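Fold and geometry: a report
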Amino acid sequence: MKKVEVLKMIDLVEEIKKLDDLIQQSRKKKTSDFVINQYEAKKLKLIGSTITELASAPIQSIESYQLIQKILNKYYPSISEDNLLNDDDISKIATAI
């Protein structure tokens, strides 16, 4: 991986960390759900961008997939398989897995 790619990935991860902290603080302060949902949407978009980068060539590797798993476990640790089954399309994919 080139140094520029590494720095870009680190910047994405740092931005996700900041948003996650902001979301946690907002929940403690009982900030409006609308604002928290906006933060969550931005965090989700950044995580998606990070995953896309890690899953694309030339970065794509077993190690990059392990990083993806680590990111998902860190920021979405309590998602149960039951939650996946609430969406028909996702449920079909989950059943196939």
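Summarised in this report is the structure supplied together with it. Note that the structure is predicted; figures quoted are calculated from it, not measured. (Residues numbered from 1 in each chain as written. Predicted model: local features only at pLDDT ≥ 70, side-chain atom pairs only at ≥ 80, totals over all residues. Heavy atoms only, no water.)

The subject of this paragraph is the side chain of Lys43. For Lys43, the position within the fold is in helix 2 (residues 33-55). The exposure class of Lys43 is buried, given its relative accessible area of 3%. Setting aside residues up to four positions removed in sequence, Lys43 forms contacts with Ile16, Leu19, Asp20, Ile23, Tyr75 and Tyr76. (Helix = DSSP H or I, 4+ residues; strand = E, 2+ residues; numbered from the N terminus. Buried < 20%, exposed > 50% of the residue type's maximum accessible area, 1.4 Å probe, protein only. Contact = heavy atoms within 4.5 Å.)

As for its placement among the helices and strands, Val6 is situated in helix 1 (residues 3-28). For the pair Val6 and Ile90, spaced 84 residues apart in the sequence, the C-alpha separation amounts to 31 Å.

Within this structure, the stated rule accounts for four salt bridges. Ionic pairing is found between Glu53 and Lys8, a salt bridge with its closest N-O pair at 3.2 Å. Linking Glu53 in helix 2 with Lys8 in helix 1, this pair joins segments that are 45 residues apart in sequence. The partly exposed category is assigned to Lys8, whose relative accessible area is 43%. Taking the shortest distance from any N to any O, the salt bridge between Lys43 and Asp20 comes out at 2.8 Å. In this pair, Lys43 sits in helix 2 while Asp20 sits in helix 1, placing the two residues 23 residues apart along the sequence. In this pair, the class of Lys43 matches that of Asp20, namely buried. (Salt bridge = Lys/Arg side-chain N within 4 Å of Asp/Glu carboxyl O.)

This part is about the packing of helix 1 against helix 2. With their axes 9 Å apart at the nearest point, helix 1 and helix 2 run at an angle of 155 degrees to one another. Relative to helix 2, the element helix 1 is oriented roughly antiparallel. Between helix 1 and helix 2 the crossing geometry is left-handed. Two secondary-structure elements touch here, helix 1 through Lys8, Met9, Leu12, Val13, Glu15, Ile16, Leu19, Asp20, Leu22, Ile23, Ser26 and Arg27 and helix 2 through Ile36, Tyr39, Glu40, Lys42, Lys43, Leu46, Ile47, Ser49, Thr50, Glu53 and Leu54. For the contact of helix 1 with helix 2, the residue count by class is twelve nonpolar, three polar and eight charged. (Axes fitted to C-alpha atoms, helices over the stretch in contact; angles between N-to-C directions. Parallel < 35°, antiparallel > 145°, perpendicular 65-115°, else oblique. Left-handed = near helix turned anticlockwise from the far one by under 90°. Nonpolar A, V, L, I, M, F, W, Y, C, P; charged D, E, K, R; others polar.)

Here we come to the nonpolar core. Buried together is how nonpolar side chains tend to be arranged in soluble globular proteins. With eleven residues, the main nonpolar core is built from Met9, Leu12, Ile16, Leu19, Leu46, Ile47, Leu54, Ile59, Ile68, Ile71 and Tyr75. Sorting the residues of this core by element identifies helix 1, helix 2 and helix 3 (62-75) as the ones contributing at least two each. Broken down by element, the residue count for this core peaks at four residues, all from helix 1. Among residues more than four places away in sequence, those in contact with Ile68 are Ile51, Leu54 and Ala55. (Core = buried A, V, L, I, M, F, W, Y, C linked by side-chain atoms within 4.5 Å.)

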